[in-house]
Amino acid sequence: NAGVTQTPKFRVLKTGQSMTLLCAQDMNHEYMYWYRQDPGMGLRLIHYSVGEGTTAKGEVPDGYNVSRLKKQNFLLGLESAAPSQTSVYFCASSYGGGVPYEQYFGPGTRLTVT
Amino acid sequence: GIQVEQSPPDLILQEGANSTLRCNFSDSVNNLQWFHQNPWGQLINLFYIPSGTKQNGRLSATTVATERYSLLYISSSQTTDSGVYFCAVEGSGTYKYIFGTGTRLKVLA
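Residues numbered from 1 in each chain as written. Chains lettered and ligands numbered in written order. Predicted model: local features only at pLDDT ≥ 70, side-chain atom pairs only at ≥ 80, totals over all residues. Heavy atoms only, no water.

(A) Structural context of the sheet that holds strand β3 (residues 19–25) of chain B. Residues and elements named next belong to chain B. Ordered by their spatial adjacency, 5 strands build an open sheet running β1-β3-β8-β7-β6, and the pairing between neighbours is antiparallel. Whereas interior strands pair on both sides, the edge strands pair on one side only; in this sheet they are β1 (4–7) and β6 (52–56). Across the sheet, the axes of successive neighbouring strands diverge by a mean angle of 15 degrees, strand direction being ignored. Judged from the 6 bridges that link them, strand β7 (residues 59–64) and strand β8 (residues 69–74) form a sheet pairing that is antiparallel. (Pairing = 2+ DSSP bridges. Helix = DSSP H or I, 4+ residues; strand = E, 2+ residues; numbered from the N terminus. Axes fitted to C-alpha atoms, helices over the stretch in contact; angles between N-to-C directions.)

(B) The interface of chain B and chain A, seen in detail. Opposite the 19 residues of chain B that make contact, chain A presents 21 residues. Here chain B meets chain A over a buried area of about 1,600 Å², counting both sides, of which 61% is carbon and sulfur. Counting across the chain B and chain A interface gives 0 salt bridges. At the junction of chain B and chain A, the tally comes to 4 residue pairs in polar contact (both at pLDDT 80 or more). Elements with a contribution of two residues or more to the side of chain B that touches chain A: β4 (29–37), β5 (43–48), β9 (83–91) and β10 (97–99) of chain B. Ranked by residue count, the leading element in the side of chain B that touches chain A is β4(B), at 4 residues. Counted by class, the side of chain B that touches chain A contains 8 nonpolar, 8 polar and 3 charged residues. (Contact = heavy atoms within 4.5 Å. Buried area = accessible area lost by both parts, 1.4 Å probe. Salt bridge = Lys/Arg side-chain N within 4 Å of Asp/Glu carboxyl O. Polar contact = N/O pair within 3.5 Å; in protein donor to acceptor, adjacent residues only side chain to side chain. Nonpolar A, V, L, I, M, F, W, Y, C, P; charged D, E, K, R; others polar.)

(C) Structural view of the pairing of β1(B). All names here are of chain B. With burial as the criterion, only one face of β1 is covered, namely that bearing Val4 and Gln6; the residues Glu5 and Ser7 on the opposite face remain uncovered. In this structure, β1 lies alongside β3, joined through 4 bridges in antiparallel fashion. Following the sheet pairing, Val4 is matched in β3 by Phe25. (Buried < 20%, exposed > 50% of the residue type's maximum accessible area, 1.4 Å probe, protein only.)

(D) Inspection of the layout of surface pockets at higher detail. Considered as a void within the structure, the largest pocket measures approximately 650 Å³ in volume. Lining the largest pocket are 35 residues, with Gln37(A), Val88(A), Arg110(A), Gln37(B) and Gly41(B) positioned closest to its centre. Mapped onto the lining of the largest pocket, the elements with two or more residues apiece are β9 (87–94) and β11 (109–113) of chain A together with β9 and β11 (103–108) of chain B. Looking at the lining of the largest pocket residue by residue, the classes come out as 13 nonpolar, 16 polar and 6 charged. (1 Å grid on protein atoms, 1.4 Å probe; cavity = no way out; pocket = protein on both sides within 12 Å on 5 of 7 lines; lining within 4 Å. Points joined across faces, edges and corners; volume = space filled by probe spheres on them.)

(E) Layout of the sheet that holds strand β1 (residues 4–7) of chain A. All names here are of chain A. Pairing in this open sheet of 4 strands is antiparallel, and the strands run β1-β3-β8-β7 from one edge to the other. Unpaired on one side and paired on the other, β1 and β7 (65–67) mark the two borders of the sheet. Going from strand to strand, the sheet's axes swing by 20 degrees on average, the running direction of each strand aside. In this sheet, strand β8 (residues 73–78) lies alongside strand β3 (residues 19–25) in antiparallel orientation, the contact comprising 6 bridges.

(F) Geometry of the pairing of β3(B). All names here are of chain B. With burial as the criterion, only one face of β3 is covered, namely that bearing Ser19, Leu21, Cys23 and Phe25; the residues Thr20, Arg22 and Asn24 on the opposite face remain uncovered. Taken together, the 6 bridges between β3 and β8 define a ladder with antiparallel strand orientation. Of the residues in β8, the one forming a bridge with Cys23 is Ser70.

This is how it looks when you write it as structure tokens:
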């Protein structure tokens, strides 16, 4: 099993450009999450999903949109990138019928907005 | 919302030393995890421990949910233990994990 994968690993955007980050998991997990991590800080929740077709806002949702059209995929979109969105983005998934809420993380996407 | 505080913020150890990291949370929680973020940025699951005590090799963890804290013990530390240790908690019925700001550990050879 690949676990949680993220695409791309690195990206540089100009202010105002748009992009989509893809998260995929092969563990049949119900819940998926997008976090951002700024230098020297912990992770902050952007959006999350508790099942296919559902999404909800986390702590810092402004400037981002998400979609969960398939159970295994969770997309994070930036419609008009700003320098304040320079960060490392992590995706996570949990709840596959075993240990209910243990989260597993992807390797991260490093995004720079100039 | 629930607040998560970790202490100490920074810790420097000589190889072979023991340490205790603490995580305090402000409200009752359903779930609690400890993670290690290595120097390459990867987040590694250490323990899923909403209550009780667990051990895995040189690491062990204890959560006392009624007193709203969790402890991570590292014994006989090695240079590969360096990195940032995060505690994350899920408040009751929220489906969301909230992370602490972490303890940055450096183990010197």
